[in-house]
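# A closer look at the structure
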Amino acid sequence: MKEFTKKNRGCLEILAEWIIVFLLIFLGLSWFYVKQNIKTSEACRQPVKYSLGNVDERFGLSKGKALKVILEAESVWENAAGRELFQYDPASSFTINFVYDDRQRQTDELKSLQAKSQNVKFNQQEIVGRYDQLRDEYQQKLAEYKNHETDYKKRLREYNREVDEWNAKGGAPQDIFAQLKAEEKALKKISDELDKEKQEVNLIAEKIRNLSSQEQQLVIQLNQQIETYESKYGVGKEFDQGVYTGSAINIYQFDDMGDLRLTIAHELGHSLGIYHVGNPKSIMYYLMEKQDVDHPKATAEDLQALDSICASQEKTFWEKIKFWQS
Ligand SMILES: [Zn+2]
């Protein structure tokens, strides 16, 4: 009865199949795990190699200068760790790029606004200086004019009195008449000079008014620019200065070279596999806040994070498997 004949599968045969399936799953998982960790694991055993990618010229940063700052950022970690962690390699596909967008545009506009504000302050000081000078000049010229005017009026009154006197007498003798004519001419000359003096005084007053409105215009213009800036960008918003993508570091914003150095050091930290730490003074704190921008140093928390990453990655593959099992 052939059709009923069925050879039972041996236990060993089933076991062998299961072992193969298990091995395949195990190898697959292991390969995935190793692949996931190979990059950061390498970072602890050998330096992370990087090259300089695109440096947008709007940053006004030469490639040489960019590289110099990157090397400084590198040494922040390397000095603290006491070993080489990063290496510049022009052939590396891991690039550090400078990507220009609204973030740096805002910084640049703020800088130009600060420069304008500084300029306005400087101009104001100059205007105040000139204002004081003109005011002194005005007061002096006005006093001189008033004195000359008083003298003139006195002399004119005297002349008129004399003329009236002689008219009342029915006319002056020839020599007196000639004297009076000469005095009339002299008074006319003085009157013309007084007019000129008055014009000069008025001109100074006009200059003072102009200075005043010039100063007001400067302040109004600056305030308008500040308002435009604030409505465009808002104030006090948090934003990313840089990002580590896994295959590159992109730098988006920095105020100055110290700020840039710290930003690069932070992203280099991410490239080692370190995440954020809690101390606001740390390179790996999520926010640029209380770090020493001019003399950046890895804090104990930064080093602890580096050590724990490297310690876990320096374990052999089999140690990790043991770790899993425990
Ligand atoms: Zn970060």
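Residues numbered from 1 in each chain as written. Predicted model: local features only at pLDDT ≥ 70, side-chain atom pairs only at ≥ 80, totals over all residues.

Turning our attention to the overall build of the chain. A tally of helices and strands in the chain yields seven helices and five strands. Going from the N terminus to the C terminus, the chain shows its helices and strands as α-β-α-β-β-α-α-β-β-α-α-α. Out of the 326 residues belonging to the chain, those deemed buried represent 16%. Taking contacts inside the chain between residues at least 6 apart in sequence as the whole, the part at least 24 apart equals 72%. (Helix = DSSP H or I, 4+ residues; strand = E, 2+ residues; numbered from the N terminus. Buried ≥ 20, exposed ≤ 12 C-beta atoms within 10 Å, placed from the backbone. Contact = placed C-beta atoms within 7 Å.)

Moving on to the nonpolar core. Ala73, Ile264, Ala265 and Leu268 are the most contacted members of the largest nonpolar core, which has 32 residues in total. For this core, the secondary structure elements donating two or more residues are strand E1 (48–55), helix H2 (63–81), strand E3 (95–98), strand E5 (248–251), helix H5 (257–271) and helix H6 (300–314). The biggest single contributor to this core is H2, with six residues. Apart from the residues lying within four places of it in its own chain, the contact partners of Leu268 are Ala73, Glu74, Trp77 and Phe86. (Core = buried A, V, L, I, M, F, W, Y, C linked by C-beta atoms within 7 Å.)

With that settled, the discussion passes to the environment of Thr95. Residue position: Thr95 is located in strand E3. The partly exposed category is assigned to Thr95, around which 15 C-beta atoms lie within 10 Å. As a C-alpha pair, Thr95 and Asn250 span 155 residues in sequence and 8.3 Å in three-dimensional space.

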